[in-house]
Amino acid sequence: MSDVILEMRNITKTFPGVKALNNVSFSVTQGEIHALVGENGAGKSTLMNVLSGIYPHGSYTGDIYFEGKECRFRDITESEAVGLVIIHQELALIPFLSIAENLFLGNERAKNGVIDWNESISKTAELLNRVGLYESPNTLITNIGVGKQQLVEIAKALAKKVKLLILDEPTASLNESDSEKLLGLLLQLKEHGISSILISHKLSDVSKVADSITILRDGGTIETLDCKKDNITEDRIIRGMVGRDLTHRFPPREKNIGEVIFEIRDWNVYHPIHEDRKVSTNVNITVRKGEVVGLSGLMGAGRTELAMSIFGHAYGTRISGKVYKHGKEIDISTIDKAISNGIAYATEDRKAYGLILIQEVKNNITLANLEAISRRQVINEPQEMRVTGEYRDKLNIKCSSIQQLAVNLSGGNQQKVVLSKWLFAGPEILILDEPTRGIDVGAKYEIYTIINRLASEGKAIILISSELPEILGVCDRIYVMRDGKIVGEMPASEASQEKVMKYIMTQREVVEQ
Amino acid sequence: MKTLSTLFKNNIREYGMLIALIVVMVFFQVQTKGVLFKPVNITNLVLQNSYVITMALGMLLIIVSGWIDLSVGSVVAVIGALAGVLMVRYNVNWVLVVVLSLVLGAAIGAFHGYFVAYLKIPAFIVTLAGMLIFRGLTIYLLQGESVGPFPRGFQNISSGFIPDIFNGKGLHITTVLIGVILSVLLIWLDLRTRKNQQKYGFEVTPFYFFVVKNIGITAAVMSLCYLMASYKGLPDVLVLIFVLIAAYAFMTSQTVIGRRIYAMGGNVKAAMLSGVNTTRLLFYTFINMGVLAAVAGLIVAARLNSATPNAGDGMELDVIAACFIGGASPMGGVGKVIGAVVGAFLIGVLNNGMSIMGVGIDWQKVVKGFVLLLAVLFDVYNKNKNA
């Protein structure tokens, strides 16, 4: 291949306890749109972070060649200097600065430190014209929509004389017409010789514009499909993304499923800030005693929002709907009430929402149920030590002592501390949000074992997970969510990754229910 | 068994502070040719710092919650002004005045707390506003003049001493007895903690260290009480301070509410998602601060025997500095009552020692500023070394 613009060879990147990329090779031809697809956690973002220098040379093994020259980027400015620009899913624009100020941020048109506003403004107008955005360069970012902000990001990349543009989920938060416009722009840039790497979950976008598709799975390259030669269907891509051996990753469980103990009816939730935006629409969910129910969907499908709104209205406003436990309606309007009604929610972000990192393991475990270890508001410390010691042994938390600070534990052990906290609160219904995110395979197995044990003890469990194999391997029944709605429900015995993925990916009209 | 060096390393903050205090004390004892440890001066030192310590207890909780209160100096003034006006101009009974003052303190705390906790306005701004508002109200109440003197009973709040029921000659026997009881109590408590820790298989400090530590504490308590006893005995204020310190040390380390305050300061979202009503808790923390500021305001007024428009001016800075010198983190979640008390004492000894030496107010401020900076630098340095 003569006109290869980028070649990444044998890239391996490990994080403590996890091999995020394993010998990945990836190449992009001059003037093509190359899609990178894979499940959450397959390694797409890690690969792009390696490429752009966010993970500097030396923190990974393997070689990167750009336009035939070997590159050893130490940071993002070095990769941008050769014409490699990455646009992240979370846009990096400053809301209260104007379009022109944002465009040249870090790259200011200036002489001796004094900004030349005339040049900045006229250059901005020219670049905005190129991306088809007709806004004044003086408009503040906060006053334009997400779709237009994406275009500003692309204009910003053009200002840096981009040769290879990397877009991470650019259409995830765009509506139909903005997406169309963006994809059209990518094709137009291609005409001008600018190559792109497109990371996307939306396979319809991918099949619309991509010239070739590379599929990543579990940190390895599975295959690269050439869209010109082969006739690539979405089913074909999905098969590549999910096809993997499922045996031995999940411990078996003796199923003992009883009557319905938890039920949510007609649950509606609105966004806490944008109060006219619905984040949950007419959700109905039932969970039985001893049952593990999966909640599947993409990031942003509204699963966490749903779970947190159920857990004492911890998220959202204008919440309506009814919640029943054992057939009786219960009041869960505050977190305190939710906990005393036997509901627990273990968050997806254990560091930000789950743990007091600067405190001891012991204090973290008892926080949600201090009443159980105190009399007349005075904590019985010996009793606290005894019970937390029991949880350490039962859940196999590896720590030097229960007085070790939570911040010093590994991810898997931190997760076990979060689980211990909620088990100590004595819930009947446990909502586990991404309980295995960012922890290694061994610790995952242990978490699955704990989930199984809880189910056998008769607890009702709602498991939110972006990893399909996990949902299929652990759950008894699966709900699929998209755009805040339940779009599918099936027993695990009838589910397959392809089937769930279809519900997740396909636009609503296509799904026949 | 932990070795002494790892023990020291793990608790370098607490021991470092204590050592600094001792070094500073010895330095001034030498420089002032023995005046520092004279019984009358020690009594003075305690009286001068009682209000800083009182407010440091409340401020510590606010700082541990992750906030700050800049208004306490002005609250001290407005409480003193109200008490003075009621007693002098309206001849209200002083006991009733004390009660009213504490209620007003709670109301002022609630005022700040409402804005911070419920309306989510940063405490720095709310209490900066409070600082101006209550200073202004003080000047209005006093019409720019000092109001006094106060009834004997009210003055005794800060100038009274506990009675000696044994009528010792030249030595206040009750004071000595209290010292003995206190020492025994402290040793017993420490022993109990140690036994509990051993029972659950935790590492405990070597026994000789335990012995040395308790001998040190006993010696400090007994020598303080002996010094006091050879003057007029324990001041009433000191007894109040001891009770407050003990109550707050217990509250922060042993009770549900204390645990929740530290959880809130360590990670407010995680605390909230664990069922802690963080809004209400923060509100209460500010009310508590208001009440303690009122206590301090009464002590200041009683000590000066008049209410003055500029009472408590700049006191908030000493109080906040005491907490930070004592190891509290401005990020919240970290800080101990004992640390804040030692910090307050350190500032007190610096003020007192430099005054005796004849150092001007100008250089006193410079020195205190550097001490604060050094203490926090020491913290940051240790944290980085351990990370």
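Quantities reported herein were computed from a predicted structural model and do not represent experimental measurements.

Residue and element names in this part refer to chain A. The sheet built from six strands is open, its strands ordered S18-S21-S22-S15-S23-S24 with mixed pairing. On the outer flanks of this sheet lie strand S18 (343-346) and strand S24 (485-491), each paired with one strand and no other. Taking the axes of each pair of neighbouring strands and ignoring which way they run, one obtains an average angle of 20° across the sheet. Where strand S23 (residues 477-482) lies against S24, six bridges are found, and the strand directions are antiparallel. If you follow Val480 over to S24, its bridge partner there is Gly488.

Judged by nonpolar contacts, the single largest core of 256 residues is most densely connected at Ile461(A), Leu463(A), Ala56(B), Met59(B), Leu60(B) and Val76(B). The biggest single contributor to this core is helix H13 (residues 278-304) of chain B, with 17 residues. Filtering out sequence-adjacent residues up to four positions away, Leu463(A) remains in contact with Val292(A), Val293(A), Gly294(A), Leu295(A), Leu432(A), Ile451(A), Val474(A) and Cys475(A).

Residue and element names in this part refer to chain A. For chain A, the domain assignment lists domain 1 (4-242), domain 2 (255-342 + 427-513) and domain 3 (355-425). For domain 2 versus domain 3, the separation of C-alpha centres amounts to 26 Å. If you look at the interface, domain 2 gives eleven residues, while domain 3 gives nine residues. A per-element tally of the side of domain 2 that touches domain 3 places helix H15 (residues 441-456) first, with four residues. Class assignment of the residues belonging to the side of domain 2 that touches domain 3 gives a composition of eight nonpolar, one polar and two charged.

Per-residue pLDDT for chain A has a mean of 87; in total, 96% of the residues score no lower than 70. Scored below 50 in pLDDT, residues 508-513 of chain A shows four contacts in the model against residues more than four places distant or in partner chains.

Next up on the list: the environment of Gln403(A). The residue Gln403(A) is located in the loop between helix H13 (381-395) and helix H14 (411-424) in this model. Each C-alpha atom of the pair Gln403(A) and Thr388(A) lies 9.9 Å from the other, and the pair is 15 residues apart in sequence. If near-sequence neighbours (up to four positions away) are discounted, Gln403(A) is found in contact with Glu360(A), Lys362(A) and Phe202(B).

Further remarks concern the environment of Asn143(A). Within the secondary structure, Asn143(A) is located in the loop between helix H4 (117-131) and helix H5 (146-159). Along the sequence, Asn143(A) and Met299(A) sit 156 residues apart, while their C-alpha atoms lie 26 Å from each other.

All names here are of chain A. Ordered in space as S6-S9-S10-S3-S11-S12, the six strands form an open sheet in which the pairing is mixed. Every interior strand has two partners, whereas the edge strands, strand S6 (84-87) and strand S12 (220-226), have only one. For this sheet, the mean inter-axis angle between neighbouring strands, taken without regard to orientation, is 15°.

Attention shifts here to H13(A). Here H13(A) spans 21 Å end to end across 15 residues, near enough to the 21 Å set by a 1.5 Å rise per residue. Burial in H13(A) covers these residues: Glu384(A), Met385(A), Val387(A), Thr388(A), Tyr391(A), Arg392(A) and Leu395(A).

Before going further, it helps to examine the interface of chain A and chain B. The interface is formed by 29 residues belonging to chain A together with 21 residues belonging to chain B. Secondary-structure elements contributing two or more residues to the side of chain A that touches chain B are helix H10 (335-340), helix H11 (350-354), strand S20 (378-379) and H13 of chain A. For the side of chain A that touches chain B, a count of residues per class yields 17 nonpolar, nine polar and three charged.

Residue and element names in this part refer to chain B. Each assigned domain of chain B is listed here: domain 1 (16-159 + 237-379) and domain 2 (161-234). Distance between the C-alpha centres of domain 1 and domain 2: 26 Å. Every contact between the two is made by seven residues of domain 1 and, on the other side, seven residues of domain 2. Broken down by secondary-structure element, the contributors of at least two residues to the side of domain 1 that touches domain 2 are helix H3 (39-64) and helix H10 (236-254). For the side of domain 1 that touches domain 2, the element with the highest residue contribution is H3, accounting for four residues. Of the residues in the side of domain 1 that touches domain 2, the class split is six nonpolar, one polar and no charged.

What counts, and where the lines are drawn
Residues numbered from 1 in each chain as written. Chains lettered and ligands numbered in written order. Predicted model: local features only at pLDDT ≥ 70, side-chain atom pairs only at ≥ 80, totals over all residues. Pairing = 2+ DSSP bridges. Helix = DSSP H or I, 4+ residues; strand = E, 2+ residues; numbered from the N terminus. Axes fitted to C-alpha atoms, helices over the stretch in contact; angles between N-to-C directions. Core = buried A, V, L, I, M, F, W, Y, C linked by C-beta atoms within 7 Å. Buried ≥ 20, exposed ≤ 12 C-beta atoms within 10 Å, placed from the backbone. Contact = placed C-beta atoms within 7 Å. Domains from an automatic or database assignment. Nonpolar A, V, L, I, M, F, W, Y, C, P; charged D, E, K, R; others polar. pLDDT = per-residue confidence, 0-100. Expected span 1.5 Å × (residues − 1).

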